[in-house]
Structures are given as structure tokens and as C-alpha cells.
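Structural features, examined
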Amino acid sequence: MPSINNKHCSKHGVYQGKRCPKCKQQIEKEYNKTSRNKENQSVYQSKKWKDLRQEAIIRDGFKCTSCHAAIGLKHRDHVVDHIVEIQDGGAAYDLENLQTLCMSCHNKKTKGKGVGV
């Protein structure tokens with residue numbers, strides 16, 4: 001018997017969750033290829049970044065620093081954001097240059113609506 005939580009993607013078939021994981025993976029791959037600076041991309045793959053990212057989440061109390069909503073533990077629920085982007089001269093590994101944002105606040109910030117510290 002099919003589960004009530006199942007959803008259907010026209011490209012990839014049945015999935016569970018908020019969005020099709022295969023579509024999300026394709027979007028992220030395209031973003032990395034076209035939008036993310038190749039030099040900066042190595043930052044996000046490093047152990048140093050992953051440790052610092054976790055430290056920022058703990059420091060921010062597992063909450064969005066903008067709207068104060070509790071964030072989930074999965075990467076898709078939140079973003080550890082550089083306040084001053086690396087390409088704009090912000091420090092890649094400076095805890096003071098990081099903030100935890102829910103996806104909604106991060107999307108608003110990225111669209112230029114000024115959310116954040």
C-alpha cells in the first residue's frame with residue numbers, strides 16, 4: 001500500500017520529503033558549476049570549514065540569527081552563511097564572519113533583501 005507522504009516528481013518518480021532529492025542534487029551541481037567561484041568551492045569541501053560550520057551552529061544556539069526560528073539538523077534546513085562573502089573580501093574561516101540562517105532568510109539575503117547581521 002502506498003505511503004501518504006509520497007510525492008511525485010515528473011522527472012524522477014516517487015520521493016519523500018519537501019523536494020525531489022535528485023532534482024535538488026542537479027540544482028546544486030549546476031549552481032556549483034556556474035555560480036560558485038571554483039577557488040571558493042574548495043573551502044566548502046574542507047574539514048576546517050565543516051568543523052567551523054558546526055561551531056557556528058552551536059554558537060548560534062541552533063537558531064536562525066535573523067528570524068530566530070529553530071533550525072533542523074539536516075543541511076537542507078539551514079545555511080551557515082558568510083556575512084561578508086568570500087569574493088567580496090570576507091574571511092573564509094573567521095567565525096565572526098559566519099551566521100546561521102534558515103533557508104528562507106538565506107534566500108532573502110541572497111536576493112538582496114538585506115537579511116542578516
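This is a predicted model, so every value here is computed, not measured.

By the definition in use, this model includes four salt bridges. One salt bridge connects Asp-81 with Lys-109, and the closest N-O pair in it is separated by 2.5 Å. With Asp-81 in strand β3 (residues 78–82) and Lys-109 in helix α4 (residues 103–110), this pair connects stretches of sequence that are 28 residues apart. Lys-109 matches Asp-81 in its accessibility class, with the two residues each being buried. Each of the salt bridges in this network shares a partner with another, and the network as a whole consists of Asp-81, Glu-85 and Lys-109.

Note that Asp-60 resides in the loop between α3 (47–59) and β3. Residues Asp-60 and Leu-101, spaced 41 residues apart in sequence, show a C-alpha to C-alpha distance of 9.5 Å.

Another point: the pairing of strand β4 (residues 98–102). In terms of burial, β4 is largely enclosed, as five of its five residues are buried. On β4, burial covers both faces: Leu-98, Thr-100 and Cys-102 on one face and Gln-99 and Leu-101 on the other are all buried. Summarising the sheet, β3 and β4 pair through five bridges and their orientation is antiparallel. Residue Asp-81 lies in a different strand from β4, and its bridge partner there is Gln-99.

Quick look at the packing of aromatic side chains now. Taken as a whole and judged by the stated rule, the model has one aromatic pair. Arranged with centres 5.2 Å apart and planes meeting at 85 degrees, the rings of Tyr-44 and Trp-49 form a pair that is edge-to-face. Among the residues examined, Tyr-44 registers a relative accessible area of 19% and is labelled buried.

Thresholds, definitions, all that
Residues numbered from 1 in each chain as written. Predicted model: local features only at pLDDT ≥ 70, side-chain atom pairs only at ≥ 80, totals over all residues. Heavy atoms only, no water. Salt bridge = Lys/Arg side-chain N within 4 Å of Asp/Glu carboxyl O. Helix = DSSP H or I, 4+ residues; strand = E, 2+ residues; numbered from the N terminus. Buried < 20%, exposed > 50% of the residue type's maximum accessible area, 1.4 Å probe, protein only. Pairing = 2+ DSSP bridges. Phe/Tyr/Trp six-rings, centres within 6.5 Å; stacked < 30°, edge-to-face > 60°.

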